[in-house]
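Chain by chain, the residues run as shown.
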Amino acid sequence: MTRRYWNINLEEMMSSGVHFGHGTRKWNPRMAPYISAKRKGIHITNLIRTARFLSEACDLVFDASSRGKQFLIVGTKNKAADSVAWAAIRARCNYVNKKWLGGMLTNWSTTETRLHKFRDLRMEQKMGRLGRLPKRDAAILKRQLSHLQTYLGGIKYMTGLPDIVIIVDQHEESTALRECITLGIPTICLIDTNCDPDLADISIPANDDAIASIRLILNKLVFAICEGRSSYRINP
């Protein structure tokens, strides 16, 4: 049953441009049930269906976070990167917003090794040990640290596979989605009119190109995660 306090408002979604899809030539016929109209060569998303699936996604993340489950938010294109980092930090989630490294989840042992290296280098830098090395060696390690910070900084505290993955832009993050499907990790996808709604566990039809649209959807999910966390109690 949908929880009323998610406060999903159709007018708010319209003002954020959530309803604007891609041009009618760039569409996936599987999205037909989620499209309400065509306007000036652009498909218009049915916001009633958007509200329904967004509510279901909020219910899912609320229930999961209230049981202590962990989330990963993925969105690497320029228009999504800042919103993804903001949302993840606010909800205390892991995130990837620069580049998805192939095998990040399906080859978790390698990712874990990189994370250990990253943590060790951060500790070395914090304690000032890099500054005591020969300049050439220090420069090499600092470049490694900068590279690891760019690509793994958002998951530096991740100790295992996530329980749920939230993906912004199915097309852009197709590798991440495939890895989740392979591993059976539940996914929530923000999908535009050129996407396949059948790939994710919950697909939220919405504009994945407008910053305001992305931020609105993430804001609702983050609120639900935070509400769930506040009700989480560790069993004695």
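Residues numbered from 1 in each chain as written. Predicted model: local features only at pLDDT ≥ 70, side-chain atom pairs only at ≥ 80, totals over all residues. Heavy atoms only, no water.

The name that an unreviewed UniProt entry assigns to the chain is Small ribosomal subunit protein uS2c, with the source organism given as Impatiens glandulifera. Turning to the chain, the UniProt annotation filed under Subcellular location (unreviewed entry) states: "Plastid, Chloroplast". (UniProt positions renumbered as here; feature names shortened; annotations may be inferred.)

## Some points on the packing of aromatic side chains
Going through the model one piece at a time under the given rule, you end up with 3 aromatic pairs. The interplanar angle of 85° and the centroid separation of 6.2 Å between the aromatic rings of Trp-6 and Phe-223 together place this pair among those described as edge-to-face. Of this pair, Trp-6 sits in the segment before helix H1 (10-15) while Phe-223 sits in helix H7 (residues 211-230); the two residues are 217 residues apart in sequence, bridging distant segments of the chain. Overall, Trp-6 belongs to the buried group, its relative accessible area being 3%. Relative accessible area serves as the criterion here: at 33%, Phe-223 is assigned to the partly exposed category. Clustering of aromatic rings is evident, with ring pairs tying together Trp-6, Phe-62 and Phe-223. Above the face of the Phe-118 ring, Arg-122 is positioned so that its terminal group lies 5.6 Å from the ring centre. Here the basic side chain of Arg-215 rests over the ring of Trp-86, its NZ or CZ set 4.5 Å away from the ring centre. (Phe/Tyr/Trp six-rings, centres within 6.5 Å; stacked < 30°, edge-to-face > 60°. Helix = DSSP H or I, 4+ residues; strand = E, 2+ residues; numbered from the N terminus. Buried < 20%, exposed > 50% of the residue type's maximum accessible area, 1.4 Å probe, protein only. Lys NZ or Arg CZ within 6 Å of the ring centre and 35° of its normal.)

## Considerations on unusual backbone geometry
Notably, Asn-7 is not glycine yet its phi reads approximately 50°, a positive angle. One can find Asn-7 in the segment before H1. Phi is positive for Lys-40, which is not a glycine, with a value near 55°. Locating Lys-40 in the fold gives a position in the loop between strand E2 (35-39) and strand E3 (42-45).

## Description of the pairing of E2
Both E2 and E3 contribute to a ladder of 4 bridges, which runs antiparallel. Paired with Ala-37 across the bridge in E3 is Ile-44. Hairpin connection from E2 to E3: 2 residues lie between these consecutive antiparallel strands, with Lys-40 at a positive phi of about 55°. (Pairing = 2+ DSSP bridges.)

## Quick notes on the domain arrangement of the chain
Partitioning the chain into domains gives domain 1 (24-101 + 161-230) and domain 2 (106-151). For domain 1 and domain 2, the distance between their C-alpha centres works out to 31 Å. Between domain 1 and domain 2 the total buried area reaches about 600 Å² when both faces are included, carbon and sulfur atoms providing 71% of it. If you sort the residues of domain 1 by the area they bury against domain 2, Lys-98, Leu-101 and Leu-161 come out on top, with a joint share of 57%. Connecting domain 1 to domain 2 are 0 salt bridges. Taken together, domain 1 and domain 2 are joined by 1 residue pair in polar contact (both at pLDDT 80 or more). In terms of residue class, the side of domain 1 that touches domain 2 is made up of 3 nonpolar, 1 polar and 3 charged. (Domains from an automatic or database assignment. Buried area = accessible area lost by both parts, 1.4 Å probe. Salt bridge = Lys/Arg side-chain N within 4 Å of Asp/Glu carboxyl O. Polar contact = N/O pair within 3.5 Å; in protein donor to acceptor, adjacent residues only side chain to side chain. Nonpolar A, V, L, I, M, F, W, Y, C, P; charged D, E, K, R; others polar.)

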